Amino acid sequence: MKRENVTGRANVEDTPELEAYYRELEGEALGALWNVANEIEPWYPQPKSVPTLWKWRRIEPFVRRAPELVSAEKAARRVVMLVNPGRKEWSAAAGLLYTGVQVMNPGEFTSAHRHQASALRFIMEGRGAYTTVDGERMSLGARDLVLTPNGTWHDHGVEAGGTQCVWQDGLDIPLMNSLDANFYEVHPQVVQTPGKLSRENWSKPYSPQFKYAWDEAYAALKKDAIYEYRNPLTGGPIMPTIGAQLELLRKGEATGAHRHTGSAIYQVAQGSGWSEIGGERFEWEEKDIFAIPSWAPHRHGASEEAVLFSFNDLPAMRALGLYREAPG
Ligand SMILES: [Fe+2]
Ligand SMILES: [Fe+2]
């Protein structure tokens, strides 16, 4: 056999006989692998998601208009979703991660529910927001992070004496749906009765700590320039499928470029700067949100001191043995 001509890749020219054969296959719910092999077995990840930046000044007017058009009660979750142009069929912001911006006025609340999807919320602005997770009620201020891990009962609201609150939701809904493993349930009570959650003999696959206050996270970030939100019991990620972190970029500083499997959604918590993602340059400022698809080379730089909040699907990648990293 002549090795030099063996590429291991499909290279079949259509003939009338083959075309008829393909049509017959289709009628039997069959198919020819060689027609799709190059696409479904790429040399390296070929995400459908594209690097995307959503400017806050473009999102904000839509977020503010939502409460005028639809009540929190009717919408159940009044959220403006960030949809990657390449991932519309999954309502994903990148890869199998979903994100959206939720707005709530004083006195409004969502009814209690739970789902298989893991969720987090990063507060963008406002006073008086709260979340109740498995009966534990937590007050939330700007840049606090709160988890509503897979399977926990949760409801959210804003105190009557508060201000309009806005936060970013991050979930793995597309991952759950692509695995056909999603469930959704409504709590017997509209809102949960707050109580004390027992954490004795904690054996859940997610962090027993649900709230990560900004002040503490920022103080730790100042020392290390990177702050991983962690499960305090294990030192591992906060949830089985989603990880989150803060990155501090000092004025004029730029990171080295790298790429890895797994998708990430960023929010600019403070400051301004730029990112190069997959060869494209994006300028960002506070509250802007951007998506880094799997395997896209990326680096960040700051024009003034900046803090980037991000969440990712790396825990899922690592758990499945799929994490791979390379220089950009
Ligand atoms: Fe939820
Ligand atoms: Fe990265």
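Note that the coordinates shown come from a computational prediction; the quantities given were computed from them, not determined experimentally.

Undergrad: Got a minute to help me understand the overall build of the protein in this structure?
TA: Looking only at helices and strands, the protein features seven helices and 20 strands. If you line up the protein on its principal axes, its C-alpha atoms span 75 × 50 × 45 Å. For the protein, buried positions account for 38% of its 328 residues. Restricting the contact set of the protein to residue pairs at least 6 apart, pairs at least 24 apart contribute 76%.

Undergrad: Even after reading the chapter, I still don't get the nonpolar core, so can you show me in this structure?
TA: Most often, soluble globular proteins have nonpolar side chains that are buried together. Of all hydrophobic cores here, the largest spans 68 residues; its most connected members are Ala-93, Leu-120, Leu-246, Ile-265 and Leu-308. Not counting the four nearest positions on each side in its chain, Leu-246 is found in contact with Ala-217, Leu-221, Tyr-227, Ala-269, Val-307, Leu-308 and Phe-309.

Undergrad: I would appreciate a short explanation of the pairing of strand β3 (residues 98-104) in the present structure.
TA: Along any regular strand the residues' side chains alternate between the sheet's two faces. Summarising burial for β3: seven of the seven residues are buried, a large majority. Burial of the side chains of β3 extends over both faces: Tyr-98, Gly-100, Gln-102 and Met-104 are buried on one face and Thr-99, Val-101 and Val-103 on the other. Across three bridges, the pairing between strand β2 (residues 79-81) and β3 is antiparallel. When the sheet's bridge partners are listed, Val-80 is paired in β3 with Val-101. Two strands pair when backbone bridges link them, and β3 and strand β10 (residues 165-171) are joined in this way by seven bridges, in the antiparallel orientation. What sits directly across from Gly-100, in β10, is Asp-169.

Undergrad: What am I meant to see in unusual backbone geometry here?
TA: Among all residues save glycine, negative phi is the norm, and among peptide bonds the norm is trans. Of note, the phi angle at Ser-91 is positive, near 50°, even though the residue is not glycine. Structurally, Ser-91 can be placed in the loop between β2 and β3. For Ser-91, a count of 17 C-beta atoms within 10 Å translates into the label partly exposed. A positive phi angle, close to 70°, is found at Arg-143, a residue other than glycine.

Undergrad: Sorry if this is basic, but what is going on with the pairing of strand β5 (residues 119-125) here?
TA: Along β5, six of the seven residues are buried, which leaves the element largely enclosed by surrounding structure. The sheet contact formed by β5 and β10 spans six bridges and is antiparallel. Across the sheet, residue Ile-123 finds its bridge partner in β10, namely Trp-167.

Undergrad: How should I be thinking about the environment of Glu-89 in this particular structure?
TA: Note on placement: Glu-89 falls in the loop between β2 and β3. Residues Glu-89 and Gly-151, spaced 62 residues apart in sequence, show a C-alpha to C-alpha distance of 25 Å.

Undergrad: Explanation requested: the sheet that holds strand β8 (residues 145-148) in the structure shown.
TA: Hydrogen bonding along the main chain pairs the strands of a sheet, whether they run parallel or antiparallel. Pairing is antiparallel in the open sheet, where six strands are placed in the order β2-β3-β10-β5-β8-β12. In this open sheet, the two edge strands, each paired with only one partner strand, are β2 and β12 (211-212). The sheet strands contacting helix α3 (residues 56-69) are β2, β3 and β10, and the helix crosses β3 at an angle near 50°.

Undergrad: Quick question: what am I supposed to make of the environment of Gly-31 here?
TA: Along the chain, Gly-31 turns up in the loop between α1 (16-27) and α2 (33-40). When the 11 C-beta atoms within 10 Å are taken as the criterion, Gly-31 is described as exposed. Separated by 144 residues in sequence, Gly-31 and Leu-175 place their C-alpha atoms 26 Å apart. If sequence neighbours within four positions are ignored, Gly-31 has contacts with Leu-25 and Glu-26.

Undergrad: Can you walk me through the environment of Gly-141 in this structure?
TA: In this fold, Gly-141 is placed in the loop between β7 (136-140) and β8. Given 15 C-beta atoms within a 10 Å radius, Gly-141 is considered partly exposed. A sequence separation of 15 residues divides Gly-141 from Gly-126, and the C-alpha atoms of the two residues are 6.8 Å apart. In this view, Gly-141 contacts Ile-123, Arg-127 and Trp-214; residues no more than four positions away in its chain are not counted.

Conventions used here
- Residues numbered from 1 in each chain as written.
- Chains lettered and ligands numbered in written order.
- Predicted model: local features only at pLDDT ≥ 70, side-chain atom pairs only at ≥ 80, totals over all residues.
- Helix = DSSP H or I, 4+ residues; strand = E, 2+ residues; numbered from the N terminus.
- Buried ≥ 20, exposed ≤ 12 C-beta atoms within 10 Å, placed from the backbone.
- Contact = placed C-beta atoms within 7 Å.
- Core = buried A, V, L, I, M, F, W, Y, C linked by C-beta atoms within 7 Å.
- Pairing = 2+ DSSP bridges.
- Axes fitted to C-alpha atoms, helices over the stretch in contact; angles between N-to-C directions.

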